[in-house]
Amino acid sequence: MDFINGLVVLMNFVLIPATAYGAQLALGALGVTLIYGILRFSNFAHGDTMAFGTMITVLVTWWFQSMGISFGPLPTALFALPFGIAATAALVLLTDRGVYQFYRAQKAKPVILVIVSMGVMFVMNGVVRIIIGVDDQRFSDGERFIFSVREFKATTGLREGMALKTTQGITVITALIVVIALFWFLNKTRTGKSMRAYADNEDLALLSGINPERVVAVTWIIVAALATIAGVLYGLDKSFKPFTYFQLLLPIFASAIVGGLGSPLGAIAGGFVVAYSEVTITYAWKKVLKYWMPESLEPSTLMQLLSTEYKFAVSFMILIVVLLFKPTGLFKGKAY
Amino acid sequence: MAEPFLIGDAMTGGYGAGPDILHSCTIAVDPGQIAVIVGPNGAGKSTGMKAVFGMLNLREGSVRLDGEDITHLTPQERVIKGMGFVPQTQNIFTSMSVEENLEMGAFIRRDDIRETMEQVYDLFPILRDKRHQAAGELSGGQRQQVAVGRALMTKPKVLILDEPTAGVSPIVMDELFDRIIEVARTGIPILMVEQNARQALEIADRGYVLVQGRNAYTGSGQELLADPEVRKSFLGG
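None of the values given here were measured: they were computed from a predicted structure.

What counts and what doesn't
Residues numbered from 1 in each chain as written. Chains lettered and ligands numbered in written order. Predicted model: local features only at pLDDT ≥ 70, side-chain atom pairs only at ≥ 80, totals over all residues. Helix = DSSP H or I, 4+ residues; strand = E, 2+ residues; numbered from the N terminus. Rg over C-alpha atoms; globule rule 2.2 N^0.38 Å. Buried ≥ 20, exposed ≤ 12 C-beta atoms within 10 Å, placed from the backbone. Contact = placed C-beta atoms within 7 Å. Nonpolar A, V, L, I, M, F, W, Y, C, P; charged D, E, K, R; others polar. pLDDT = per-residue confidence, 0-100. Domains from an automatic or database assignment. Expected span 1.5 Å × (residues − 1). Pairing = 2+ DSSP bridges.

Chemist: Any chance you could break down the overall build of chain A for me, citing the residues and the numbers?
Modeler: From N to C terminus, chain A includes 13 helices and two strands. What you see for chain A is a C-alpha radius of gyration of 21 Å, in line with the 20 Å of a compact globule of 336 residues. Dimensions of chain A, computed from C-alpha atoms along their principal axes, come out at roughly 70 × 55 × 40 Å. Taking all 336 residues of chain A together, the buried fraction comes to 44%. Contacts in chain A between residues at least 24 apart in sequence constitute 77% of all its contacts with a sequence separation of at least 6.

Set out below in C-alpha cells:
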C-alpha cells in the first residue's frame, strides 16, 4: 500500500504535470525544428510567435465569453484557437514577406538570419505587450478537473490523492492529434514530401521543379499553427504572461537541440526529455521517498536537487551535456 | 546536315563576371545517341555541360532544344522544357526513400507517374527491391542509379549527366555505362561529362575533346579512340 501511495504522489506531482509540459514543449520545438530544417536558421522569435497567437486566442475567448458563448466542460479557448492560428499565420507570412524574404534573396548566412529573427522577436514582443499588457491573464474556463484529488481518494480509498486537470488531458490529446496530423502531412502528401525534399537538398529540389517560395509559405503556416496551439495549451495549463513565453524559448530550443535540430521526431523526444528532467530535478522527493524507503531511512531534508526558481538551469545543463557529447542530438539533426 | 536535337552552338562565357572559360565551344546530341565530353583537367568539360543546362550566362552563342532557342531560360525552366539533369554530387535526397526520390523527380508532372516509375524500376531492378529504403543508405553505384532514375521521372527529352561514374569502383562503372546505353536505346539523347575518357569514348556515338574551353577534336567515339593525336595527348598512348 505504501508503494502505491508513493506512486500516486509521483503521478500527481511529477508524471502528469511533466507529461503535459513535455507535450507543450514538443509542439514548440516542432515549430523551431521545422524552421531550422527548411528556412535554415534558429528562429528566436518563436516564443513571441507563441505569445502572439495565444494573445489573439485570449482576446477572441474573452469576446466569446462576453457574448455568453461557452462550450460546456471544454475551455472556450479551444474554439477560439482557429482564430489565433489564422491571425498568427497572417502575421508570420507578412513578416516573411517584409523581412526574411529579403535576406533569403541575398542568400544571407544562417547567423545573419538568427540576428534578424531576434529583431523580429523584439518587435513581436512589443506588439503583444502594447495590445494585452505585461500582466498575467487567465482565460481558462469550463470544467477544471477530469477527476480531482478528493474524488480520487473517495474512489480508491488511498491516503494520497491524484488529480487530472482538464487542461492536462486536453494538452496531451491535442498534442497527439497535432503530431499525428503533422507526420501524416510530411510523409504522405505531395506538399509535405516536397518540404522534406527541400530541407534535404535545396538545389536538387529546385532542379526537380519544387517552388521554394511555396514550401516556405506552407512551412510558416504550419509553424504558426504549432506555435499558437503550443502557446494556448501552455496558457490554459498555467497562465498567459508574455514574459513567460519569451522565457520558454530556452527549454524549447533545448528540446529541439537534444532531439537533433531539423528532426521532427527528435523535437518530440527532446520536449519530453527536457520536461521530465526539469520537473524531476526541481521536485521535492521527500513525499515520495517517505513511502518508498524504510522508516529508519526517512529523509530529513526535502530531497530537492534544485529549487524551482532554477528550473531554467536544467535546460542549460542538458544543452551543455548534449552539445559536448552528442552535438547532433538523439535523432541525428543537421547543422548549417 | 539537319540541326541536332540539342545543341550548344559556339558558346562563349564564364561564371558571373569572371573571365571566359568557354571559347566558341559547340556541343550537340541527337536522339538515340550518347555524346561524351572529355578532356584534361580544367578544360571546361563541366562548364560546357553547365552552359548547355543554363547554369552560366553565355556572352555569345546559343543553346537550342528541338529547334527552340532556350539560351535565356533558367535551369528550372529547362527542366520543364524537357531536359533532365543529374548533378555530379548531392544528386539524391538522402533522407527520403528511393520511391520518394522518384516521386520528387516527377514533381512537375500532374499525371499518373506509376508507369514511368515501373520503367525506371525495370531499368534499375535493384531500386525496386530497395524502394522503401532511405536513398542515403545505398551504395555509391546504387545512389547513382537513384539519381539517374530521379532525372528520368520527368520523361525528359534529353538527359545530361555530370560524371556519373565519379567515385565508384571499376565494376560498378561498367554496370553504370551498360545502364546508360540502355537508357539511350529507349531513344533519349544523353550528354555526359566523363573523367574515364577511354571507357566513355567506347560507348560514345559522338565525342568532344575540349582543351582550354575550345573544341579540340570532335568525332565518333571510335574515331577519337583511333586518332593518334587524341591517344597521345589524352588517353596515355
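After that view, the rundown keeps rolling.
Chemist: So what about the environment of serine 169 of chain B? Which residues, and what values?
Modeler: Residues and elements named next belong to chain B. Mapped onto the elements, serine 169 comes out in the loop between β7 (158-162) and α7 (170-185). The exposure class of serine 169 is exposed, given the 12 C-beta atoms found within 10 Å. Residues serine 169 and glycine 141, spaced 28 residues apart in sequence, show a C-alpha to C-alpha distance of 8.2 Å.

Chemist: An account of the interface of chain B and chain A is needed here, citing residue identities and associated values.
Modeler: Of the residues lining the interface, 17 residues belong to chain B; the matching set on chain A comes to 13 residues. Residue composition of the side of chain B that touches chain A, by class: nine nonpolar, six polar and two charged.

Chemist: Lay out the confidence of the model for chain B with the relevant residues and their values.
Modeler: Residue and element names in this part refer to chain B. Across chain B, pLDDT averages 90, with 99% of residues at or above 70. When mean pLDDT is compared element by element in chain B, helix α3 (residues 98-105) scores highest at 95, while helix α10 (residues 228-234) scores lowest at 83. Scored by ipTM, the complex comes to 0.87, with pTM at 0.89.

Chemist: Got a sec to walk through the domain arrangement of chain B? Specific residues and values, please.
Modeler: Residue and element names in this part refer to chain B. Assigned domains of chain B: these are domain 1 (1-82 + 158-237) and domain 2 (86-155). Relative placement of domain 1 and domain 2: their C-alpha centres are 23 Å apart. For the side of domain 1 that touches domain 2, the secondary-structure elements that each account for two or more residues are α2 (75-81), β7 and α7. In terms of residues, the side of domain 1 that touches domain 2 owes the most to one element, α7, which gives six residues. Classifying every residue of the side of domain 1 that touches domain 2 by side-chain character gives eleven nonpolar, one polar and five charged.

Chemist: Can you lay out helix α11 (residues 264-282) of chain A for me, pointing to particular residues and giving the numbers?
Modeler: An α-helical turn contains 3.6 residues, so any two residues separated by three or four positions project in the same direction. In a regular helix each residue adds 1.5 Å, so 19 residues correspond to 27 Å; α11 of chain A covers 27 Å between its end C-alpha atoms and thus fits that length. Within α11 of chain A, 14 of the 19 residues are buried, which leaves it mostly tucked inside the rest of the structure.

Chemist: Summarise the pairing of strand β1 (residues 6-13) of chain B; cite the residues concerned and give the values.
Modeler: Looking along a regular strand, one sees the side chains alternate between the two faces of the sheet. Residue and element names in this part refer to chain B. Here β1 runs beside strand β4 (residues 58-65); their pairing, made up of six bridges, is antiparallel. From the neighbouring strand, isoleucine 7 faces β4, where its bridge partner is arginine 64. Note: β1 against strand β2 (residues 22-29), five bridges, orientation antiparallel. When the sheet's bridge partners are listed, methionine 11 is paired in β2 with cysteine 25.

Chemist: Help me get a handle on the environment of glutamate 60 of chain B, residues and values and all.
Modeler: All names here are of chain B. Tracing the sequence through the fold places glutamate 60 in strand β4. Along the primary structure glutamate 60 and alanine 226 are separated by 166 residues, whereas in three dimensions their C-alpha atoms are 33 Å apart. Setting aside anything within four residues of it in sequence, one finds glutamate 60 in contact with Ala10 and Thr12.

Chemist: Lay out the environment of aspartate 162 of chain B with the relevant residues and their values.
Modeler: Residue and element names in this part refer to chain B. Here aspartate 162 shows up in strand β7. Judged by the 22 C-beta atoms lying within 10 Å of it, aspartate 162 falls in the buried class. For aspartate 162, the residues in contact, after removing those within four places along its chain, are Ser46, Met49, Val86, Pro87, Gln88 and Val193.

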